[in-house]
Amino acid sequence: MNSPKNAIGIFDSGFGGLTVFKAIAEKLPNYNYIYLGDNARSPYGDHSFATVYQYTLECVEWLFKQGCSLVILACNTASAKALRNIQQLDLPNKYPNHRVLGVIRPTAEIIGEMSSNKSIGVLGTRGTVKSESYLIEINKFFPDVKVYQQSCPMWVPLIENGEHESDGADYFVKEYLDALLQQSGEIDTILLACTHYPLLVPKIEKYLHPGVELVTQGDIVATSLADYLDRHQEIENILSKDGLQAFFTSGDTDAFDAHASVFLGTALASKPMK
């Protein structure tokens, strides 16, 4: 089967973006979608800004070639390290009729309203935390909000190795959560700033202090995309609405399918990125 025509492209370095894809497809089921996971080069979290930009741009351009005029970077690391360059350098010069959106801004626009104490914790990869993208973006919209960050380098490997439900995962969940909450007793809202992390929600909630709200991104990004399409009819009008979905990976398709079903909640059959 050929790729769905005039689809919305959704990109992630691996599997995590499937949690965002799932929320988007549930909210906007009529559109065509192409999901691409760059599993051969995952994870992106510890790569340099230049490397993440290069990898992300290559994958975005591949989605453009599949007919996607709109691409969502369903990856916090790619959004933090590559989105600005792609939007400012590549789109105006080479792809003026294409759009690339990320997951950081939609979250930053509303998360300040969720915190009564004006104190927000962010759990993310080393790359996302080091970029300080959430700190910068949240303070654009909510300058009175304090943002505390904690990197969780072991969480993605635990999830991608299928160990996130094991007893051993509890140690690393508690370690990073405690490290964040020790930064301030005022934190009442915690953002999971990696699309992998929703799979750890049951364990995180075991160690969460009473009254602290946990925020995941899927529904936020889906709502933001629906609003974007309403406001940008020039994009909306060229998107096909056949309800078709296709999944591609730069890695092994069998391995992708086995892991992806955990994130998506249903079986799928991916195709190799060529």
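Summarised in this report is the structure supplied together with it. (Residues numbered from 1 in each chain as written. Predicted model: local features only at pLDDT ≥ 70, side-chain atom pairs only at ≥ 80, totals over all residues. Heavy atoms only, no water.)

One pass over the full model with this rule turns up 1 cavity of 30 Å³ or more. By volume, the largest cavity amounts to about 40 Å³. In this structure, the largest cavity is lined by Thr19, Leu192, Cys194, Thr195, Pro198, Thr216, Gln217 and Gly218. Partitioned by chemical class, the residues of the lining of the largest cavity number 3 nonpolar, 5 polar and no charged. (1 Å grid on protein atoms, 1.4 Å probe; cavity = no way out; pocket = protein on both sides within 12 Å on 5 of 7 lines; lining within 4 Å. Points joined across faces, edges and corners; volume = space filled by probe spheres on them. Nonpolar A, V, L, I, M, F, W, Y, C, P; charged D, E, K, R; others polar.)

We now examine the sheet that holds strand β6 (residues 146-151). Ordered in space as β6-β5-β7-β8, the 4 strands form an open sheet in which the pairing is parallel. In this open sheet, the two strands that pair with only one neighbour each are β6 and β8 (213-215). Here the strands of the sheet are splayed against their neighbours by 25° on average, with no regard to which way each runs. One ladder, built from 4 bridges, connects strand β5 (residues 119-124) with strand β7 (residues 189-192); its direction is parallel. Looking across to β7, one finds that Val122 is bridged to Leu191. Taken strand by strand, helix α9 (residues 167-181) contacts β5, β6 and β7, and its axis lies near 155° from that of β6. (Pairing = 2+ DSSP bridges. Helix = DSSP H or I, 4+ residues; strand = E, 2+ residues; numbered from the N terminus. Axes fitted to C-alpha atoms, helices over the stretch in contact; angles between N-to-C directions. Contact = heavy atoms within 4.5 Å.)

In this section: the side chain of Asn39. For Asn39, the location among the structural elements is in the loop between β2 (33-37) and α2 (49-65). Given the relative accessible area of 17%, Asn39 is considered buried. When residues no more than four places from it in sequence are discounted, the contact partners of Asn39 are Ser13, Gly14, Phe15, Thr249, Ser250, Gly251 and Phe256. (Buried < 20%, exposed > 50% of the residue type's maximum accessible area, 1.4 Å probe, protein only.)

Okay, helix α4 (residues 83-94) next. For α4, the set of buried residues is Leu83, Ile86, Asp90 and Leu91. Down the axis of α4, the smallest arc covering the buried residues is 95°, so these residues share one side. Exposed residues on α4 whose side chains face more than 90 degrees from its buried face are Gln88 and Asn93. Packed against the buried residues of α4 are α2, β3 (70-73), α3 (76-81) and β4 (99-101). (Arc of directions from axis to C-beta.)

The subject of this paragraph is unusual backbone geometry. Ser42 connects to Pro43 through a cis peptide bond whose omega is 0°. You can see Pro43 is positioned in the loop between β2 and α2. Backbone geometry at Asn6 places phi at a positive 50°, although glycine is not the residue there. Along the chain, the position of Asn6 falls in the segment before β1 (8-12). Looking at Asn6, the relative accessible area reads 35%, which means it is partly exposed. A positive phi is found at Glu132, a non-glycine position, where the angle reads about 60°. With respect to the element layout, Glu132 can be found in the loop between α6 (126-131) and α7 (133-141).

Where helix α1 (residues 17-27) contacts helix α13 (residues 253-264), the two axes come as close as 8 Å, and the packing angle between them is 55°. Viewed along their axes, α1 and α13 adopt a mutual orientation that is oblique. The handedness of the crossing between α1 and α13 comes out as right-handed. Residues Leu18, Thr19, Phe21 and Lys22 of α1 form the contact with α13, whose own contacting residues are Phe256, Ala260, Phe263 and Leu264. (Parallel < 35°, antiparallel > 145°, perpendicular 65-115°, else oblique. Left-handed = near helix turned anticlockwise from the far one by under 90°.)

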